[in-house]
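Observations on the model geometry
Chain residues, written in single-letter form:
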Amino acid sequence: MQTYLLSQQFNGSSLADSSPTCPENATICDGTSCVLPEDDFNETLSIVLSTVLTIMLALVMFSMGCNVEIKNFLGHIKRPWGIFVGFLCQFGIMPLTAFLLSLAFNILPIQAVVVLIMGCCPGGTASNVIAYWVDGDMDLSISMTTCSTLLAMGMMPLCLFIYTKMWTDSDAIVLPYNSIGISLVALIIPVSLGIIVNHKWPSKAKIILKVGSIVGAVLIVLIAVVGGILYKGSWIISPKLWIIGTIFPAAGYSLGFFLARVAGLSWHRCRTVSLETGMQNTQLCSTIVQLSFSPEQLELMFTFPLIYSIFQLLFALLILGGYRLYRRRHVKTKTDVEKTEQKEDSKSNAKINGGFIPSENK
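What counts, and at which threshold
- Within each chain, residue numbers correspond to sequence positions counted from 1 in written order.
- Totals for whole chains, interfaces and linings use every residue, but because this is a predicted model, local features are given only for residues with pLDDT of at least 70 and side-chain atom pairs only at 80 or more, for both listing and counting.
- Each side-chain value is worked out from all heavy atoms of the structure, with water and hydrogens disregarded.
- Secondary structure counts use DSSP, requiring at least four H or I residues in a row for a helix and at least two E residues in a row for a strand, with both numbered from the N terminus.
- Residue exposure (1.4 Å probe, protein chains only): buried if accessible area is under 20% of the type maximum, exposed if over 50%, otherwise partly exposed.
- By definition, residues are in contact when any of their heavy atoms lie within 4.5 Å.
- UniProt positions are given in the numbering used here, feature names are shortened, and annotations may be inferred rather than shown by experiment.
- Confidence of the predictor in every single residue is expressed as pLDDT, which spans 0 to 100.
- Every angle, taken between N-to-C directions, lies between 0 and 180 degrees, and every axis is a line fitted to C-alpha atoms, over only the stretch in contact when it is a helix.
- If an angle is under 35 degrees, it is roughly parallel; if it is over 145, roughly antiparallel; if it lies from 65 to 115, roughly perpendicular; otherwise it is oblique.
- Helix crossings fall into two classes, left-handed where the near helix is turned counterclockwise from the far one by less than a right angle and right-handed where it is turned clockwise.
- Side-chain classes are defined by residue name, with Ala, Val, Leu, Ile, Met, Phe, Trp, Tyr, Cys and Pro counting as nonpolar, Asp, Glu, Lys and Arg as charged, and the others, Gly among them, as polar.
- Among the buried residues, those of types Ala, Val, Leu, Ile, Met, Phe, Trp, Tyr and Cys that are joined through side-chain atoms within 4.5 Å form a nonpolar core.
- Think of a 1 Å grid over just the protein atoms. A cavity is a set of points where a 1.4 Å probe fits yet cannot get out, a pocket is an open set with protein on both sides within 12 Å along at least five of seven lines, and lining residues have an atom within 4 Å of a point.
- Grid points are joined across faces, edges and corners, and a volume is the space filled by probe spheres set on the points.
- Two cysteine sulfur atoms make up a disulfide if the distance between them is within 2.5 Å.
- Patches here: salt-bridge-free residues with over 30% relative accessible area, like charges joined within 9 Å, nonpolar side chains (Val, Leu, Ile, Met, Phe, Trp, Tyr) joined within 5 Å.
- Accessible surface area values rest on a Shrake-Rupley calculation with a 1.4 Å probe, where residue burial reflects the displayed protein chains alone.
- A pairing counts as a salt bridge when a side-chain nitrogen of Lys or Arg comes within 4 Å of a carboxyl oxygen of Asp or Glu.
- Counted as a polar contact is a pair of N or O atoms within 3.5 Å, where, for protein atoms, one must be capable of donating a hydrogen and the other of accepting one, and residues adjacent in sequence contribute only when both atoms are in side chains.

Even without being glycine, Asn-106 reaches a positive phi, approximately 50°. Mapped onto the fold, Asn-106 is located in the loop between helix H4 (81-105) and helix H5 (109-120). A positive phi angle, near 55°, is found at Asp-135, a position not held by glycine.

Structure, rendered in structure tokens:
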């Protein structure tokens, strides 16, 4: 059994006592310090919940794949204008925004580094679920998440090398390529199976999609709650990081939507790019932070990925609520108005930007 040393502080009256206070579960007590069994509850809880959440996430991504058409997905790969715009947002806007926020708030070097790590991470899978609920382009959403995770192998070291020079040596940051690879596999396999199901059994795929979208929404909230439970002892953090954690995802959503619209993408693709830009892979950021810094350094910024995760979820829910309210007020009887706009935008903008034109629009 592993143990740790717990120092006991005594005041004048306790020193006068013949029998100093010692915890009941102490294995050794010499009057000035006690040896206690290590509390591994959080570690066990983390392993159990991580396993459950991983399985649930795989099932959710399987259901998201059931909404993907093979020809449309391949069309985005062959004519990757939307993916390219998303790439500029993911590895251009987000790292630069992280850099500017760190300078503007003049935070500690170690805190600036964790903000930059968050900005350099690829998109998270939660964006696929939210994109579904805001009638986004699911083919583009999943292709962007896949490509950003794959490109993160090279783009994360490059971005960290460029932006962390003034604060630390980029070699001191440990990138868990195995975790990135696992994320990629956990994304590709379930989505691929979902695409196959949608191709062969479209009626069953619709049922799976409806169930998976609801489970996915619940899962996003569950992950945030679990994070709060596991890291409840790490909430004492600089107010500046709280402010940055609030501004950062909002800036990602806004700038991603703006750049996508400037690039000539249709409205539903702009919503998709916006979500893919603002929603980062916070689990990957937490892993990098834990591997790269000492326990003393972690106390200064370990909770930032969780703060970002909470606010990126809150803003995503606001976007979802605003969009649903808009549809209820402006699209009451003509349920296909949005689809018509998407087709018209796709035709006009695809010719200009080289985007993918679905076969039904030709």
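What follows continues from the structure just given.
On to the environment of Ile-180, then. Relative to the elements of secondary structure, Ile-180 occurs in helix H8 (residues 177-200). Ile-180 gets classed as buried once you look at its relative accessible area, which sits at 1%. For Ile-180 and Met-153, which are 27 residues apart along the polypeptide, the C-alpha to C-alpha distance reads 7.4 Å. Ignoring any residue separated from it by four or fewer positions in sequence, one finds Ile-180 in contact with Thr-149, Met-153, Met-156 and Leu-284.

On to the UniProt feature "transmembrane region" (unreviewed entry) in the protein chain, then. According to UniProt, the feature "transmembrane region" (unreviewed entry) maps to residues 45-63, 83-105, 112-134, 140-163, 175-195, 207-229, 241-260 and 306-326 in the numbering used here. A helix fraction of 100% and a strand fraction of 0% characterise residues 83-105, whose end C-alpha atoms lie 32 Å from each other. Spanning residues 306-326, this segment combines 100% helix with 0% strand, and its end C-alpha atoms are found 30 Å apart.

On to the confidence of the model for the protein chain, then. When the pLDDT values of the protein chain are averaged, the result is 75; 70% of them are 70 or greater. The lowest-confidence element of the protein chain is strand E1 (residues 3-7), averaging 37 in pLDDT; the highest-confidence one is helix H10 (residues 239-262), averaging 93. Scored below 50 in pLDDT, residues 32-39 shows 35 contacts in the model against residues more than four places distant or in partner chains. Scored below 50 in pLDDT, residues 348-362 shows 32 contacts in the model against residues more than four places distant or in partner chains.

Here H5 crosses helix H14 (residues 304-330) at 45°, and the two axes come no closer than 10 Å. What the angle tells us is that H5 and H14 run oblique. Considering how the two elements wind past one another, H5 and H14 form a crossing that is right-handed. Side by side, H5 and H14 meet where Val-114, Val-115 and Met-118 of the first sit next to Phe-304, Pro-305 and Tyr-308 of the second. Here the residues of the contact of H5 with H14 are counted per class, giving 6 nonpolar, no polar and no charged.

Take the nonpolar core next. In this structure, Val-115, Ile-117, Met-156, Leu-241, Phe-248, Val-289 and Phe-304 are the most contacted members of the largest nonpolar core, which totals 41 residues. At the level of elements, H4, H5, helix H7 (138-163), H10, helix H12 (282-292) and H14 are the ones that each hand at least two residues to this core. At 9 residues, H5 tops the list of elements feeding residues into this core. Membership of the second largest hydrophobic core comes to 24 residues, among which are Ile-130, Leu-187, Leu-219 and Met-279.

In this structure the tally under the stated criterion is 2 cavities of 30 Å³ or more. Reported here for the largest cavity is a volume of approximately 80 Å³. Every residue lining the largest cavity is listed: Ile-83, Gly-86, Phe-87, Gln-90, Phe-91, Gly-123, Met-144, Thr-145, Cys-147, Ser-148, Leu-151 and Glu-276. When contributions to the lining of the largest cavity are tallied by element, the ones reaching two or more residues are H4 and H7.

Moving on, we get to the environment of Met-156. By secondary structure assignment, the location of Met-156 is in helix H7. On the basis of relative accessibility, which here comes to 0%, the residue Met-156 falls in the buried class. For the pair Met-156 and Ile-117, spaced 39 residues apart in sequence, the C-alpha separation works out to 8.1 Å. Among residues more than four places away in sequence, those in contact with Met-156 are Cys-120, Cys-121, Pro-122, Leu-175, Ile-180, Leu-284 and Ile-288.

Under the defined criterion, the tally for this structure stands at 0 disulfides. No disulfide involves Cys-159; its nearest neighbouring cysteine sulfur is the one of Cys-120, lying 4.6 Å away. Classification of Cys-159 as buried rests on a relative accessible area of 4%.

All right, on to the packing of H12 against H14 then. Relative orientation of the contacting elements H12 and H14 amounts to 170°, with a least axis distance of 9 Å. The orientation of H12 relative to H14 falls into the category roughly antiparallel. Where H12 abuts H14, its residues Thr-282, Cys-285 and Ser-286 lie against Pro-305, Tyr-308, Ser-309 and Gln-312. Looking at the contact of H12 with H14, its residues break down into 3 nonpolar, 4 polar and no charged.

There is a patch of nonpolar side chains on the surface, built from Leu-96, Leu-100, Leu-103 and Met-166 and spanning about 360 Å² of accessible area. The exposure class assigned to Leu-103 is partly exposed, which follows from its relative accessible area of 39%.

A separate point is the side chain of Thr-145. For Thr-145, the location among the structural elements is in helix H7. Of note is the side chain of Thr-145, whose polar atom sits 3.0 Å from the backbone oxygen of Ser-141. Excluding its chain neighbours within four sequence positions, the residues that come into contact with Thr-145 are Gly-123, Gly-124, Thr-125, Ser-127, Asn-128, Leu-187 and Glu-276.

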